[in-house]
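Take a look at the letters that make up each chain.
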Amino acid sequence: CGRGPGGCRGGRTDMALRGAASLAAGRQLRGPRREGTVRWSSAAKASAVKIKEKASREKILTLESMNPQVKAVEYAVRGPIVLKAGEIEKELRKGIKKPFTEVIKANIGDAQAMGQRPITFLRQVVALCTYPNLLDSPSFPEDAKKRARRILQGCGGNSLGSYTASQGINCIREDVASYIERRDGGVPADPDNIYLTTGASDGISAILKILISGGGKSRTGVMIPIPQYPLYSAALSELDAIQVNYYLDEENCWALDVNELRRALNEAKAYCNPKVLCIINPGNPTGQVQSRKCIENVIHFAWEEKLFLLADEVYQDNVYSEGCQFHSFKKILYEMGPEYYNNVELASFHSTSKGYMGECGYRGGYMEVINLHPEIKGQLVKLLSVRLCPPVSGQAAMDIVVNPPVPGEESYAQFIKEKESVLNNLAKKAKLTEDMFNKIPGVHCNPLQGAMYAFPRIFIPSKAIEEAQAHKMAPDMFYCMKLLEETGICVVPGSGFGQREGTYHFRMTILPPVEKLKILLEKVKDFHIKFLEKYA
């Protein structure tokens with residue numbers, strides 16, 4: 001380059017192109033010719049306008065012509081409030097003054113975005129798998145190298161960059177099965193029933209796709225808890241399935257009552273075919289941990305009513321309250337005897353994103369599906385094969401979750417120290433959040449038994465409800481938007497998760513560091529008191 005004033009090969013080529021374009025468009029040059037300058041006649045301008053009008057024809061894809069099921073999808077965790085938070089962040093970067101200096105995104109359970117440190121061993125193994133030359137480095141422990149070599153041997157060409165089987169790398173599925181057996185006290189697990197997934201969400205969506213069928217009153221109904229994680233309502237909207245709500249008991253620490261399940265089921269039979277029951281344990285957004293007796297009752301109900309069970313157990317490591325313990329649906333189902341264990345169809349889900357790992361970005365997960373009809377098993381594998389395979393780095397990360405260092409290995413001490421530090425810190429923040437919310441007038445928060453969120457109930461005065469309606473907003477959306485605009489705190493309104501009519505909530509993660517969490521909770525307290533005073 002640099003061969004003349006017009007760039008590469010001088011200005012001649014540039015002018016030749018302009019001249020050709022002028023002739024093609026019917027342009028006429030007036031007056032003395034000056035390099036780089038073209039004047040348009042009125043006729044040429046009119047011609048250009050016509051060409052532009054023809055070019056801007058009606059779009060094929062519009063809001064009216066798009067898939068109506070996609071348009072119906074809503075996902076509150078990344079909804080309007082989060083878009084507004086993004087706009088405010090841009091304004092802050094431009095130097096626009098606000099009553100705060102940063103936006104605190106407490107809307108989503110993204111642990112590492114909130115400052116949680118990754119588990120060293122997990123990152124070491126993934127690093128070794130990603131760049132195998134590091135296997136010769138003395139900087140990495142032998143137990144990490146051993147796991148990395150085993151994973152790479154299961155990959156085509158010994159490379160993480162190759163496709164894997166649609167169901168996932170075989171040795172990792174074997175490790176998942178061994179993990180489930182250890183977790184459940186020896187209950188057998190078959191690697192052939194394990195499917196590695198792109199996070200738990202991918203598995204849940206796949207199972208729902210294969211379950212939904214029929215039309216009219218025969219359309220599949222899917223029972224989901226209210227409040228629920230919005231993945232479920234979004235997936236059901238996309239699949240045009242029938243959402244059947246059952247309500248958790250807020251007055252009893254968000255307990256699940258089988259009588260409420262029966263009410264929801266019987267009412268739904270009038271307009272759909274309910275055949276799926278979804279359970280989230282520990283709960284999101286509500287944080288409850290189900291007792292063994294509750295799980296037994298749910299399984300008996302599913303067996304009795306011939307329902308396919310989906311057990312979302314991604315928070316199984318996140319249990320904080322004394323007297324609470326995680327029980328897997330698979331374990332309880334097995335212990336209830338062969339009549340149940342050999343008949344109830346169950347899909348259970350886990351993920352790298354939550355627990356003590358917080359590896360959301362790897363999109364690693366698995367599902368175990370038992371008692372599936374053999375022909376349906378083939379259909380499920382076919383469906384999963386359309387997306388080829390889950391991210392292979394996510395599969396490797398999942399392997400370390402289910403196959404961590406054990407006593408006697410050199411990385412065990414550091415691994416246990418890091419794991420317990422994360423979980424103890426979360427337990428401390430769960431209690432801190434509950435206590436501070438319950439000191440605020442007009443706010444009530446149930447114990448945070450597990451998971452990583454608070455879902456406090458908030459009192460919203462009638463004047464605020466009227467103003468929200470004037471702005472065509474749900475009252476808790478109005479509240480959360482005001483909270484964001486005045487404090488920079490981004491939380492998700494309870495209406496995005498579902499709630500009983502006339503009650504209002506918001507979901508807030510407990511993931512920020514303790515000192516920042518204290519500041520956040522104090523800001524919420526001050527805001528709420530001013531909000532009550534303004535609209536009283």
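Residues numbered from 1 in each chain as written. Predicted model: local features only at pLDDT ≥ 70, side-chain atom pairs only at ≥ 80, totals over all residues. Heavy atoms only, no water.

Strand pairing in a sheet takes place through backbone hydrogen bonds and is either antiparallel or parallel in direction. The strand order across the open sheet built from 3 strands is β10-β14-β13, with neighbouring strands paired in antiparallel fashion. Because the sheet does not close on itself, it has two edges, and the strands there are β10 (453–454) and β13 (492–493). When β10 meets strand β14 (residues 506–509), the two strands line up antiparallel, connected through 2 bridges. Within β14, the position partnered with Tyr453 by the bridge is Thr509. (Pairing = 2+ DSSP bridges. Helix = DSSP H or I, 4+ residues; strand = E, 2+ residues; numbered from the N terminus.)

Glancing now at the confidence of the model for the protein chain. Confidence in the prediction for the protein chain averages 89 pLDDT; 89% of positions are at 70 or higher. For the stretch residues 1–35, pLDDT sits under 50, and the model shows 29 contacts to residues farther than four places along the chain or on other chains. (pLDDT = per-residue confidence, 0-100. Contact = heavy atoms within 4.5 Å.)

Below, the discussion takes up the pattern of salt bridges. Pairing is possible between side chains that carry opposite charge, provided their charged atoms lie close to one another. One pass over the structure, following the stated rule, counts 23 salt bridges. Notably, a salt bridge pairs Arg457 with Glu250, separated by 3.7 Å at the nearest N-O pair. Here Arg457, found in strand β11 (residues 457–458), pairs with Glu250, found in the loop between β4 (242–247) and α10 (258–268); they are 207 residues apart in sequence, far enough to count as distant. For Arg457, a relative accessible area of 29% corresponds to the partly exposed category. Glu296 serves as the salt-bridge partner of Arg292, at 3.2 Å between the closest nitrogen and oxygen. Residue Arg292 and its partner Glu296 are located together in helix α11 (residues 292–305), separated by 4 residues, close to a single helical turn. Judged by its relative accessible area of 22%, Glu296 falls in the partly exposed class. (Salt bridge = Lys/Arg side-chain N within 4 Å of Asp/Glu carboxyl O. Buried < 20%, exposed > 50% of the residue type's maximum accessible area, 1.4 Å probe, protein only.)

Right, let's talk about the packing of aromatic side chains for a bit. Enumeration over the complete set of coordinates arrives at 14 aromatic pairs. Geometrically, the ring pair formed by Trp303 and Tyr340 is tilted, given 5.1 Å between the ring centres and 50° between the ring planes. Of this pair, Trp303 sits in helix α11 while Tyr340 sits in helix α13 (residues 338–341); the two residues are 37 residues apart in sequence, bridging distant segments of the chain. On the basis of an interplanar angle of 15° and a centroid distance of 6.2 Å, the ring pair of Tyr479 and Phe506 is categorised as stacked. Residue Tyr479 is found in helix α18 (residues 475–487), and its partner Phe506 is found in strand β14; the two are separated by 27 residues along the sequence. Each member of the aromatic cluster is reached from another via a ring pair, and the members are Phe437, Phe478, Tyr479, Phe506, Phe527, Phe531 and Tyr535. Between the NZ or CZ atom of Arg507 and the centre of the ring of Tyr453, over which it lies, the distance is 3.9 Å. (Phe/Tyr/Trp six-rings, centres within 6.5 Å; stacked < 30°, edge-to-face > 60°. Lys NZ or Arg CZ within 6 Å of the ring centre and 35° of its normal.)

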